[in-house]
Amino acid sequence: MYDIKSFKIKKDPIILGIESSCDETACAVIKGRAVLSDEIISSAAVQAKYGGVVPEIASRAHTDAIDEVAVRALSVAGISPAQVDAVAVTYGAGLLGALLVGLSFAKSFAYALNVPLLAVNHIRGHMAAAYLDNPALKPPFVTLLASGGHTAIFHTVDYDRAEVLASTCDDAAGEAFDKVARVLLLPYPGGPNVQRTAQGGMADINFPSALVKHGDGRTFSYSGLKTAVINYCHTASQKGVEINPADVAASFQKAAIEPLVAKTVGCALSLNVDTVTAGGGVIANDYLRTRLAEECKKNNLTLVLPEKRRCTDNAAMIASEGLNMYLRGEFACMSVNACASLPLAPAKRI
Ligand code: KG4
Ligand code: ZN
């Protein structure tokens, strides 16, 4: 009989993390905050043929890969299934069919071994990646989250509490990178290709800032910025004028990222918080990493940036948030279901 009330909490548990919310099938093993393995099988190359993620293809690819990636993660970590103390898995937000593959696998694993199941919110996973790079990191801090599905700045008050300080009212930053890549005829995934194209470009085209100008000062809009880039390219093409993709990419990148950096630092200063962290695929962007580091240094803020491969989707970050939940005894029932969308967190006005 699987009884979540019967589980004891260990210090430095061995946690198997599982992530399958989009196009990466990922498994990792951590012991305490030490990452013993972090394996990924991606369907991105197949998805690239369609210019984006096709949900049905993603689900099938997860089904093909999940067993292999789990075996790999355990073997690289040198851990037998019987040594696993808990299983952490993404239950949302993400593509429903894709999530169900990882969630069902995790449930079976936890049930068979009679260990706790930890149902992790993907966004909280991205935010917990920073703990892996700096195990001494402790809340409170300000977190910049920028991925393909979400863009927000949080006050991470404690391990179990974060409040939204600013967020996008439409597209996410990563989504805008992907759409601008399409206009510039760059392949999927767009973010890294826009960054590469921007190298050597002049950021001298005046695209609107991603921070809404006449709003409450805490709202980003990436749809407006994306449309401005699309209009710029279409107008040039109608006039028969050739655009310089490097200049367009560099100007877009600057307009997309500068407001995120400025607002994040501004939030930390107004809250009198001395540490800034970040997570999500867009945080792998070199321009963002450099600018955030410069501004934090200028303002005497400590910056904890996860390494680039822990910014994009991975299972070590899911295990890391799983550890926070494990230590609180926040165990899931076998009936836990996948959720395509989850609320970010309550808002906080500063
Ligand atoms: O966190 P993530 O791997 O998946 C989601 O949870 O959405 O983020 C993926 C997003 C994509 O939109 C991708 O284009 C963007 O992160 N991304 C980047 C870079 N690497 C990934 N955006 C800008 N620059 C990058 N180097
Ligand atoms: Zn993600």
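The coordinates are above.
The present account deals with the structure reproduced in this document. (Residues numbered from 1 in each chain as written. Chains lettered and ligands numbered in written order. Predicted model: local features only at pLDDT ≥ 70, side-chain atom pairs only at ≥ 80, totals over all residues. Heavy atoms only, no water.)

Considerations on the overall build of the chain
We apply this condition: Secondary structure follows DSSP: runs of H or I at least 4 residues long count as helices, runs of E at least 2 residues long count as strands, and numbering of each begins at the N terminus. Only C-alpha atoms enter the radius of gyration, while the globule expectation follows 2.2 Å times N to the 0.38, with N the number of residues. In this description, contact between two residues means that some pair of their heavy atoms is separated by no more than 4.5 Å. When charges are tallied, Lys and Arg are placed among the positive residues and Asp and Glu among the negative ones, while His and the ends of the chain are skipped. A single reference atom marks each charge: NZ on Lys, CZ on Arg, CG on Asp, CD on Glu.
Looking only at helices and strands, the chain has 10 helices and 11 strands in total. For a compact globule of 350 residues, the expected C-alpha radius of gyration is about 20 Å, and the chain comes in at 20 Å, within 12% of that figure. By its C-alpha atoms, the chain is 70 × 45 × 30 Å across when sized along the principal axes. Contacts spanning at least 24 positions in sequence make up 75% of the contacts within the chain whose residues lie at least 6 apart. The averaged location of the 33 negative side-chain charges in the chain is 4 Å from the averaged location of its 32 positive side-chain charges.

Some thoughts on the pairing of strand β2 (residues 24-31)
What counts, and what does not: Each residue's exposure class comes from its accessible area (1.4 Å probe, protein chains only) as a fraction of the maximum for that residue type: buried when under 20%, exposed when over 50%, partly exposed otherwise. Strands are treated as partners if at least two bridges between them are detected by DSSP.
Counting buried positions along β2 gives 7 out of 8 residues, so the element sits mostly inside the fold. Bridging between strand β1 (residues 14-19) and β2 involves 6 bridges; their strand directions are antiparallel. Following the sheet pairing, E19 is matched in β2 by A26. Counting the residues between successive antiparallel strands, the hairpin from β1 to β2 contains 4 residues. Summarising the sheet, β2 and strand β3 (residues 34-42) pair through 8 bridges and their orientation is antiparallel. Looking at the pairing, T25 lines up with I41 of β3. Once β2 ends, the chain turns through 2 residues before running back antiparallel as β3, passing G32 with a positive phi of about 60°.

Thoughts on the site of ligand 1
In plain terms, the rule: Proximity criterion: a residue is near a molecule or strand once any of its heavy atoms comes within 4 Å of it. Reported accessibility uses the Shrake-Rupley method at a 1.4 Å probe radius. Residues are deemed covered only where the shown protein chains occlude them. Buriedness for pockets is judged along seven lines, at least five of which must meet protein on both sides within 12 Å for an open set on the 1 Å grid over protein atoms alone, while cavities are sets there where a 1.4 Å probe fits but cannot get out, and lining residues have an atom within 4 Å of a point. The rule for placing a molecule in a cavity or pocket is simple: more than half of its atoms must lie within 2 Å of the grid points. Nonpolar residues are Ala, Val, Leu, Ile, Met, Phe, Trp, Tyr, Cys and Pro. Charged residues are Asp, Glu, Lys and Arg, and all others, Gly as well, are polar. An automatic or database domain assignment supplies the start and end points of every domain.
Around ligand 1 sit 19 residues in total, of which G148, D178, G191, Q195 and G281 are the nearest. Compared with its free state, where it exposes 550 Å², ligand 1 has 87% of that area covered by protein. Put simply, ligand 1 lies in the largest pocket. Of all elements in the fold, only α4 (122-133), α5 (173-183) and α6 (190-198) reach the threshold of two or more residues within the shell around ligand 1. When the residues that make up the shell around ligand 1 are grouped by side-chain class, the tally is 5 nonpolar, 12 polar and 2 charged. Viewed by domain, the shell around ligand 1 spans two of them, domain 1 (4-128 + 312-328) and domain 2 (138-308), each represented by three or more residues.

Side note on the coordination of the zinc ion (ligand 2)
The test is simple: Coordinating N, O and S atoms are those within 2.8 Å of the metal (3.2 Å for Na, K and Ca), and as water is not part of the atoms, a site may appear to have fewer donors than expected.
Binding of the zinc ion (ligand 2) to the protein goes through H122 (NE2), H126 (NE2) and D313 (OD), at separations of 2.0 to 2.1 Å. The sequence motif formed by the donor residues of the zinc ion (ligand 2) is H-x3-H-x186-D. In this pair, H122 is assigned in helix α4 and D313 in the loop between β11 (302-304) and α10 (316-327), connecting sequence segments 191 residues apart. Accessibility classification places H122 together with D313 in one group, the buried group.

Some details on empty space enclosed by the protein
The condition is simple: Grid points are joined across faces, edges and corners, and a volume is the space filled by probe spheres set on the points.
Applying the stated criterion across every chain, the model contains 1 cavity of 30 Å³ or more. Volume-wise, the largest cavity comes out at about 60 Å³. For the largest cavity, the full set of lining residues is R124, M127, A128, Y131, F141, T143, T156, Y159, E321 and N324. Of all the secondary structure elements, the ones that give two or more residues to the lining of the largest cavity are α4, β6 (141-146) and α10. No other element matches the 4 residues that α4 contributes to the lining of the largest cavity. Residues that form the lining of the largest cavity fall into these classes: 5 nonpolar, 3 polar and 2 charged.

Regarding α4
The buried count for α4 comes to 11 of 12 residues, which makes it a mostly enclosed element. Three or more residues of α4 are buried, namely H122, I123, R124, G125, H126, M127, A128, A129, A130, Y131 and L132.

Some remarks on the layout of surface pockets
In this structure, the largest pocket encloses a volume near 1,200 Å³. Along the wall of the largest pocket there are 43 residues; nearest its centre are C22, S147, G148, D178 and Y188. For the lining of the largest pocket, the elements supplying multiple residues, two or more each, are α4, α5 and α6. Along the lines of polarity and charge, the residues of the lining of the largest pocket split into 16 nonpolar, 18 polar and 9 charged. Lining the lining of the largest pocket are residues from two domains, each supplying at least three of them: domain 1 (4-128 + 312-328) and domain 2 (138-308).

Some thoughts on the pattern of salt bridges
What counts, and what does not: We count a salt bridge whenever a side-chain nitrogen from Lys or Arg sits within 4 Å of a carboxyl oxygen from Asp or Glu.
Summed over all chains, the structure comprises 22 salt bridges. A salt bridge links R60 to E56; its shortest N-O distance comes to 3.1 Å. Linking R60 with E56, this pair stays in helix α2 (residues 55-77), spanning 4 residues, or about one helical turn. Residue R60 is classed as exposed on the basis of its relative accessible area, which comes to 56%. Overall, the relative accessible area of 47% leaves E56 in the partly exposed class. Between D216 and R218 there is a salt bridge, with the nearest N and O atoms lying 4.0 Å from each other. The buried category is assigned to R218, whose relative accessible area is 13%. Among the ionic contacts, a cluster of salt bridges with common partners joins E258, R291, E294, E295 and K298.

Digging into the nonpolar core
We apply this condition: In these notes, a set of buried Ala, Val, Leu, Ile, Met, Phe, Trp, Tyr and Cys residues joined through side-chain atoms within 4.5 Å is what counts as a nonpolar core.
Counting 54 residues, the largest nonpolar core has Y222, L225, F252 and L292 as its most contacted members. The element contributing the most residues to this core is helix α8 (residues 245-271), with 13 residues. The contact partners of L225, leaving out residues within four places of it in the chain, are F207, P208, A210, F252, A255 and A256. Counting 51 residues, the second-largest nonpolar core is a separate cluster that includes C27, A110, L117 and L342.

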